[in-house]
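# Residue-level structure breakdown
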Amino acid sequence: MVTNSATLVQNLSHTAPGRVLTIAPQLAPARDVGRVVHFIDIENLCGTGDVRINAARNAMLKYHEAVDIAAGDHVIIGASHHNAVAAWNAWPSARLLTPRSGPDGADRSLREAMHTERIAERFTDIYLGSGDGGFAEDLAYLADAGSTTNAVARTGHMSGRLRLAAHHVITITTTTYV
């Protein structure tokens, strides 16, 4: 018997309502031209160094609403070791970089991927889910190599340096969970 996800959630909600997770948002149709990668700084998008699953899921849903992730897009998440589980639960289809501890550990993982994985050669459009000004030089590097860069950050939380480095700026409103 084949059931769709909506039926499955409805059936499960009668037996275990506290354990049912929301279904992931639908992806936009595959793009006709170019390849796209999304780098996600989960702590920055959530606005906290202590990310809970519901905050990570809210950030993921708001990011999807604002950006229209398409089938075939790549999503790469940087997280510290204690936020990796929340990031993975919110975005299970994404690639989670090896978690790093310490100040800017997730940022260092994302930067390393940007510079060592031939990103500009492989992708025409690059999205960065962060408002951290420390990424301004990285976006400028990718833009200089020919990629179109997009910065996605929480409203009121994007550095001026990052705003100037990106070709396009998108803001999202997320809910803070305690």
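Residues numbered from 1 in each chain as written. Predicted model: local features only at pLDDT ≥ 70, side-chain atom pairs only at ≥ 80, totals over all residues. Heavy atoms only, no water.

## Concerning helix α3 (residues 53-67)
- When the terminal C-alpha atoms of α3 are compared, their 21 Å separation across 15 residues agrees well with the 21 Å that a helix rising 1.5 Å per residue should span.
- For α3, the full list of buried residues reads A55, A56, R57, N58, A59, M60, Y63, H64 and V67.
- Those residues of α3 that are buried lie in contact with β1 (36-41), α2 (42-46), α4 (84-90), β4 (125-129), β5 (148-154) and β6 (168-172). (Helix = DSSP H or I, 4+ residues; strand = E, 2+ residues; numbered from the N terminus. Expected span 1.5 Å × (residues − 1). Buried < 20%, exposed > 50% of the residue type's maximum accessible area, 1.4 Å probe, protein only. Contact = heavy atoms within 4.5 Å.)

## Quick notes on the pairing of strand β2 (residues 74-78)
- With 4 of its 5 residues buried, β2 lies for the most part within the structure.
- As paired elements, β2 and strand β3 (residues 95-96) share 2 bridges and run parallel to each other. If you follow I76 over to β3, its bridge partner there is R95.
- The β-α-β motif built from β2, the intervening α4 and the parallel element β3 has right-handed crossover chirality. (Pairing = 2+ DSSP bridges. Right-handed = clockwise from strand over helix to strand, strands pointing away.)

## Notes on the nonpolar core
- Residues I40, I42, Y63, I77 and W91 are the most contacted members of the largest nonpolar core, which totals 24 residues.
- Where this core is concerned, the elements lending two or more residues are β1, α2, α3, β2 and α4.
- At 6 residues, α3 tops the list of elements feeding residues into this core.
- In this structure, I40 is in contact with L45, Y63, V75, I76, I77, G78, W91, L110 and G129, ignoring residues within four places of it in sequence.
- Counting 19 residues, the second largest nonpolar core, distinct from the first, contains V37, F39, L142 and A153. (Core = buried A, V, L, I, M, F, W, Y, C linked by side-chain atoms within 4.5 Å.)

## Points about the sheet that holds β2
- If you trace the 6 strands from one edge of the open sheet to the other, you get β3-β2-β1-β4-β5-β6, paired in parallel fashion. Each edge of the open sheet carries a strand with a single partner, namely β3 and β6.
- Examined bridge by bridge, β1 and β4 share 5 bridges and lie parallel to one another. Each bridged residue has a counterpart across the sheet, and for F39 the counterpart in β4 is L128.
- Docked against the sheet, helix α7 (residues 136-144) engages β4 and β5, running at close to 155 degrees with respect to β5. (Axes fitted to C-alpha atoms, helices over the stretch in contact; angles between N-to-C directions.)

## A short note on the environment of I76
- Tracing the chain through its elements places I76 in strand β2.
- Along the backbone, I76 and G129 are 53 residues apart, and their C-alpha atoms lie at a distance of 10.0 Å.

## Considerations on the packing of helix α5 (residues 105-116) against α7
- One way to put it is that α5 packs onto α7 with a least axis distance of 11 Å and a crossing angle of 15 degrees. On the basis of the axis angle, α5 is roughly parallel to α7. Considering only the axes of α5 and α7, their crossing is left-handed. The residues of α7 that touch α5, namely those facing R111, M114 and H115, are D138, Y141 and L142. (Parallel < 35°, antiparallel > 145°, perpendicular 65-115°, else oblique. Left-handed = near helix turned anticlockwise from the far one by under 90°.)

## Observations concerning the pattern of salt bridges
- Applying the stated rule across the entire model yields 7 salt bridges.
- One salt bridge in this structure joins R100 and E112, with 2.5 Å as the shortest N-O distance. Of this pair, R100 sits in the loop between β3 and α5 while E112 is found in helix α5, placing the two residues 12 residues apart along the sequence.
- Judged by relative accessible area, which is 24%, R100 ranks as partly exposed.
- For E112, a relative accessible area of 42% gives the class partly exposed. (Salt bridge = Lys/Arg side-chain N within 4 Å of Asp/Glu carboxyl O.)

## Some remarks on the packing of aromatic side chains
- For the coordinates displayed, the defined rule picks out 1 aromatic pair.
- An angle of 70 degrees between the planes, with centres 5.8 Å apart, marks the rings of Y63 and W91 as edge-to-face. Here Y63, found in helix α3, pairs with W91, found in the loop between α4 and β3; they are 28 residues apart in sequence, far enough to count as distant. (Phe/Tyr/Trp six-rings, centres within 6.5 Å; stacked < 30°, edge-to-face > 60°.)

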